[in-house]
Amino acid sequence: MTDDQMAAVRALIKGYDPEGLLSMGAPDDEYDPEVRDLVALLGGGEEITPDAVRTIWNKWFDNGSDWCAREPEQVSEVAAALERLRGRAVL
């Protein structure tokens, strides 16, 4: 995991603020546990799917988050963005 990957995925998730935590004043690194797991997907050989994103999100929020059900298009957008990040030579 590189700092660039971490920063790129952190910015991606911050842009969505899926749980509304940042808008409530949480620190910028609030989603870092989830971000670390999402970054780990970049090194895998399989396509990053919305289901993979959901699995990570539900793990960290102990299935207490409704983001994946409430905003499935955002989950799909995150998966697609991660696939694009994986394709970049700098990462």
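The structure displayed is predicted, hence computed values, not measured ones. (Residues numbered from 1 in each chain as written. Predicted model: local features only at pLDDT ≥ 70, side-chain atom pairs only at ≥ 80, totals over all residues. Heavy atoms only, no water.)

Participant: In this structure, what is going on with the overall build of the chain? I would like to understand it.
Facilitator: Looking only at helices and strands, the chain features 5 helices and 0 strands. Its helices and strands taken in sequence order, the chain reads α-α-α-α-α from the N to the C terminus. Computed over C-alpha atoms, the radius of gyration of the chain comes to 12 Å, within 12% of the 12 Å expected from 2.2 N^0.38 for 91 residues, which places it in the range of a compact globule. Seen along its three principal axes, the alpha-carbon backbone of the chain occupies a region of about 35 × 25 × 20 Å. Evaluated residue by residue, the chain yields a buried proportion of 35% over its 91 residues. At a minimum sequence separation of 6, the contacts of the chain that also span at least 24 residues come to 61%. Split by element, the accessible area of the chain, about 5,100 Å² in all, is 48% carbon and sulfur. (Helix = DSSP H or I, 4+ residues; strand = E, 2+ residues; numbered from the N terminus. Rg over C-alpha atoms; globule rule 2.2 N^0.38 Å. Buried < 20%, exposed > 50% of the residue type's maximum accessible area, 1.4 Å probe, protein only. Contact = heavy atoms within 4.5 Å. Areas by Shrake-Rupley, 256 points an atom, 1.4 Å probe, with all protein chains shown as cover.)

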